[in-house]
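# Descriptive analysis of the structure
So the chains spell out like this:
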Amino acid sequence: MMKLAVFSAKSYDKHFLDIALQQHHPSFCQITYHSFALSSETASLAQDSDAVCVFVNDHLGAPVLQTLHENGVRAILLRCAGFNNIDLKVAEDLGFFVANVPSYSPEAVAEFAVALIQTLNRKTHRAFNRVREGNFNLEGFLGRTLSGKTVGIVGVGRIGLAFAKILHGFGCQLLAYDPWGGDEFKTYGVFVELADLLQRSDIVSLHCPLTDETRHIMNEENLSRMKKGALLVNTSRGGLVDTKAVINALKSGQLGGVALDVYEEEGALFYNDHSGEIIHDDVLMRLMTFPNALVCGHQAFFTEEALGEIAGVTVGNLEDFVMKRTCKNSLVREGHLMVEMDKEPVRL
Ligand code: NAD
């Protein structure tokens, strides 16, 4: 029987993976759930497993891949779209089967980005607390009507396009920067260069993948190009934003607000309860002192529909591996990388 070790497993992962397995072949796989992440320290716990299943903050660099291979693991199932956390070249050289879940409700992430914008803009999080204390004063809650505002979208793939459709419905003017963007966006807005988008947008939302080219795309220079007082939203990957530069832009008032669902150093904190500990990340803690900064713990994907889809596709990928079928979600196959990290736009 196939043995699968699931890392970074939460109760909801177990719930949806168990359902997906029941719907496929309940007896074809024996699962061990580990609540902790896969790392150099924990990789040896995959001993006796044929496959591992990992999430966004499990790190599969060369040493981890080597340990997994020495322990007999042959398949890696990413239960996420992004694959910036795995060294695909090394995985290919070692002959691993690697598959991801390329799309699982882009609407879930797009809707969450809109929720962040409106929370930041209309201060509903503060209103919730104030009203519960019997304080119905509106001072400090003044927002802006979204209709008619210009929204800049960096990356109009699946999520960026879903986001564009929602904001088009709000009556916003839409600009997009995407060197490989498809024609579908043109129904909702116009493509422009990044500098132009930053100068003209009241809200900038990031929906491109994290690559060498996009790392810190929102750095000091690009933040200074933004319209003064504009909002920045990142539901994509933390590494797109230079957090220290964002703090400086908030301090100077150049940035009117920031909403981050992802954070460049999130691996050490996100998905776990640190409420009883001293958090040593001074950058994140400083960021969270701003009244106009909103941070969430990488939850944009977190809907019942998305989790059901992730589990179903992950089990399907595992079945493909077991049955030696062609897997349409393979990232490496027959010795060939299915994605060229530095040549083509990487579709996550
Ligand atoms: P996608 O591949 O469908 O779209 C990405 C788009 O970005 C593509 O159109 C691509 O051409 C464009 N792009 C690539 N490089 C670019 C660059 N330098 N500048 C501008 N655009 C560029 O991916 P998607 O499904 O829309 O997902 C987008 C991102 O969202 C993923 O990379 C993933 O990291 C993130 N994500 C986050 C969550 C969450 O819970 N917060 C969930 C799922 C995905």
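The name an unreviewed UniProt entry gives the protein is D-lactate dehydrogenase, with Aspergillus coremiiformis as the organism. Regarding the protein, the relevant UniProt record gives this comment under Sequence similarities (unreviewed entry): "Belongs to the D-isomer specific 2-hydroxyacid dehydrogenase family."

### Concerning the packing of aromatic side chains
Scanning the model with the defined rule gives seven aromatic pairs in all. A centroid spacing of 5.2 Å and a plane angle of 45 degrees characterise the contact between F97 and F321, whose relative ring orientation is tilted. One end of the pair, F97, is in strand β5 (residues 97-99); the other, F321, is in helix α11 (residues 304-322), with 224 residues separating them in the sequence. Given the relative accessible area of 12%, F97 is considered buried. Here a set of aromatic residues connected by ring pairs shows up, and it is made of Y12, F55, Y271, F301 and F302. We note R130 situated over the ring of F141; from NZ or CZ to the ring centre the distance is 3.9 Å.

### Topic: the pattern of salt bridges
On inspection of all chains with the given rule, the structure shows 11 salt bridges. Across the pair D18 and K14 runs a salt bridge whose closest N-O atoms are separated by 3.2 Å. Residue D18 and its partner K14 are both found in helix α1 (residues 11-23); the two are separated by four residues, about one turn of the helix. Using a relative accessible area of 28% as the deciding quantity, one classes D18 as partly exposed. The structure contains a network of salt bridges with shared partners spanning K89, E92 and D93.

### Notes on the environment of F302
Mapped onto the secondary structure, F302 falls in the loop between β12 (293-295) and α11. Along the sequence, F302 and L161 sit 141 residues apart, while their C-alpha atoms lie 19 Å from each other. Discounting residues that sit within four places of it in the chain, F302 has contacts with Y12 and L307.

### Focus: the sheet that holds strand β9 (residues 203-206)
Read from one edge to the other, the open sheet built from seven strands follows the order β8-β7-β6-β9-β10-β11-β12, with strand pairing classed as parallel. In the strand order of this sheet, the two ends are held by β8 (189-191) and β12, each with one partner. Here the strands of the sheet are splayed against their neighbours by 15 degrees on average, with no regard to which way each runs. In the sheet, strand β7 (residues 173-177) pairs with β8 via three bridges, with the strands oriented parallel. Residue pairing for β8: A176 is matched across the bridge by F191. Taken strand by strand, helix α4 (residues 106-122) contacts β9, β10 (230-234), β11 (255-260) and β12, and its axis lies near 145 degrees from that of β10. Strands β10, β11 and β12 of the sheet are contacted by helix α9 (residues 243-252), whose axis makes an angle of about 145 degrees with β11.

### A few points about the side chain of D320
The topology assignment puts D320 in helix α11. Of the residues examined, D320 reaches a relative accessible area of 12% and is grouped as buried.

### Looking at the pairing of β10
With five of five residues buried, β10 lies mostly within the body of the structure. The side-chain alternation of β10 yields two buried faces, one formed by A230, L232 and N234 and the other by L231 and V233. Relative to β10, β9 is paired through four bridges, and the arrangement is parallel. Within β10, the position partnered with L206 by the bridge is N234.

Cut-off values and rules
- Position labels on residues start from 1 in each chain and follow its written sequence.
- This being a predicted model, a pLDDT of at least 70 is required before a residue's local features are given, and a value of 80 or more before pairs of side-chain atoms are given or counted; all residues contribute to the totals for chains, interfaces and linings.
- Side-chain measures were taken over the full set of non-hydrogen atoms in the model, leaving aside hydrogen atoms and water.
- UniProt positions are given in the numbering used here, feature names are shortened, and annotations may be inferred rather than shown by experiment.
- Only Phe, Tyr and Trp rings take part, Trp by its six-membered ring, and two of them pair if their centres are within 6.5 Å. Stacked means planes under 30 degrees apart, edge-to-face means over 60, and tilted covers everything else.
- Runs of E in the DSSP output that reach at least two residues are strands. Runs of H or I that reach at least four are helices, and both are numbered from the N terminus.
- Burial classes follow relative accessibility: with a 1.4 Å probe on protein chains only, a residue under 20% of its type's maximum area counts as buried, one over 50% as exposed, and anything between as partly exposed.
- As a reminder, the over-ring test applies to NZ of lysine and CZ of arginine, requiring each to be within 6 Å of the ring centre and within 35 degrees of the ring normal.
- We define a salt bridge as a contact between a side-chain nitrogen of Lys or Arg and a carboxyl oxygen of Asp or Glu at a distance within 4 Å.
- Contacts are residue-level and defined by heavy atoms, with any inter-residue pair within 4.5 Å sufficient.
- DSSP-based pairing: two strands are paired if at least 2 bridges between them are found.
- Only the stretch in contact is used when fitting a helix axis, every axis being a line fitted to C-alpha atoms; angles between N-to-C directions are given from 0 to 180 degrees.

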